[in-house]
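# Summary of structural features
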Amino acid sequence: MTLFWVVWIAVIVQRLVELIYAKRNERWMRARGAVEHGRSHYKWIVLVHGGFFAALLLEWLTGAGALHPFWPVFLALFIVVQGMRIWVLQSLGRFWNTKILVIPGEKRVEKGAYGKIRHPNYIIVTLELIIMPLIFQAYITLLVFTLLNAFILLYIRIPAEEKALGITGGSDPVNTD
């Protein structure tokens, strides 16, 4: 099995496990009165992230991708980012989710990764969308999905999340509910 298949399958399995974890957390939060925000854009996030894995696979299978000469460095960085991902999940605990769910009256989590950086999970996702294609020289995937992710995060997701959490400066440039 090549490095591509090991990394690609491992990350997909990781994402599926995270979705199960998120669904469990969602049930727990909804049982406590959580309100969902940004429902209208959630499908676009799912499409972009699913499309990323499909595009990376397509670019690899068509021969456009190949291991980067510095792939060990990029792979090491990717592994460090996965450690950061675990830190984010542990920091939020039962509040970690792929959706914007807010329990009325509950305080924002400001410990761990969230005590240091405003949106650590989004930084990690962005790094993953850059580093994974770099490992395999999948430059079309890197460019397209980095730009799509940046647009969704900067103009849609982060403003919707900040508005839902009552963070000063959060705006709602698009209909996010």
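Note that the structure is a prediction, hence the values are computed from the model and not measured. (Residues numbered from 1 in each chain as written. Predicted model: local features only at pLDDT ≥ 70, side-chain atom pairs only at ≥ 80, totals over all residues. Heavy atoms only, no water.)

Attention now goes to the overall build of the chain. Assigned secondary structure in the chain consists of six helices and two strands. Listing each helix as α and each strand as β along the chain from the N terminus yields α-β-α-α-β-α-α-α. Scaling as 2.2 N^0.38, a compact globule of 177 residues should have a C-alpha radius of gyration of about 16 Å, and the chain matches this with 17 Å. Seen along its three principal axes, the alpha-carbon backbone of the chain occupies a region of about 50 × 30 × 25 Å. Each of the 177 residues in the chain was classed as buried or not, and the buried ones make up 43%. Of the contacts made within the chain by residues no fewer than 6 positions apart, 81% connect residues no fewer than 24 positions apart. Accessible surface, the chain as shown: approximately 9,700 Å² in total, 70% of it carbon and sulfur. (Helix = DSSP H or I, 4+ residues; strand = E, 2+ residues; numbered from the N terminus. Rg over C-alpha atoms; globule rule 2.2 N^0.38 Å. Buried < 20%, exposed > 50% of the residue type's maximum accessible area, 1.4 Å probe, protein only. Contact = heavy atoms within 4.5 Å. Areas by Shrake-Rupley, 256 points an atom, 1.4 Å probe, with all protein chains shown as cover.)

Quick look at the pattern of salt bridges now. Note on pairing: side chains with opposite charge can pair once their charged atoms come close. Within the structure shown, the criterion is met by 10 salt bridges. Lys23 serves as the salt-bridge partner of Glu26, at 3.3 Å between the closest nitrogen and oxygen. Of the two residues, Glu26 and Lys23 are both situated in helix H1 (residues 3-31); the distance of three residues between them amounts to about one turn of the helix. Of the charged contacts in the structure, one is a salt bridge between Arg118 and Glu162, with a shortest N-O distance of 3.0 Å. With Arg118 in the loop between helix H4 (113-116) and helix H5 (120-135) and Glu162 in helix H6 (residues 139-165), this residue pair connects regions lying 44 residues apart in the sequence. With a relative accessible area of 8%, Glu162 lands in the buried category. Linked through salt bridges whose partners overlap, the residues forming this network are Lys23, Glu26, Arg30, Glu36, Arg39 and Lys99. (Salt bridge = Lys/Arg side-chain N within 4 Å of Asp/Glu carboxyl O.)

On to the confidence of the model for the chain, then. Mean pLDDT over the chain: 91, with 94% of residues reaching 70 or higher. Taken together, the stretch residues 169-177 has pLDDT below 50 and engages in 24 contacts with residues farther than four places along the chain or on a different chain. (pLDDT = per-residue confidence, 0-100.)

Looking at the element boundaries, Ala31 is found in helix H1. For Ala31, a relative accessible area of 63% translates into the label exposed. Ala31 sits 99 residues away from Ile130 along the chain, and the two C-alpha atoms are 37 Å apart.

Take the nonpolar core next. In this structure, Phe4, Trp8, Phe52, Leu56, Met132 and Ile135 are the most contacted members of the largest nonpolar core, which totals 34 residues. Not counting residues up to four positions away in its chain, the partners in contact with Ile135 are Leu3, Ala66, Leu67, His68, Trp71, Phe74, Leu75 and Phe78. Formed by five residues, the second largest nonpolar core is a distinct cluster that contains Trp28, Ala34, Leu101 and Ile103. (Core = buried A, V, L, I, M, F, W, Y, C linked by side-chain atoms within 4.5 Å.)

To continue, consider a nonpolar patch on the surface. Together, Ile140, Leu143, Val144, Leu147 and Leu148 make up a nonpolar patch on the protein surface, roughly 460 Å² of accessible area in all. Relative to the assigned elements, Leu147 resides in helix H6. For Leu147, a relative accessible area of 55% corresponds to the exposed category. (Patch = residues over 30% accessible without salt bridge, like charges linked within 9 Å, V, L, I, M, F, W, Y side chains within 5 Å.)

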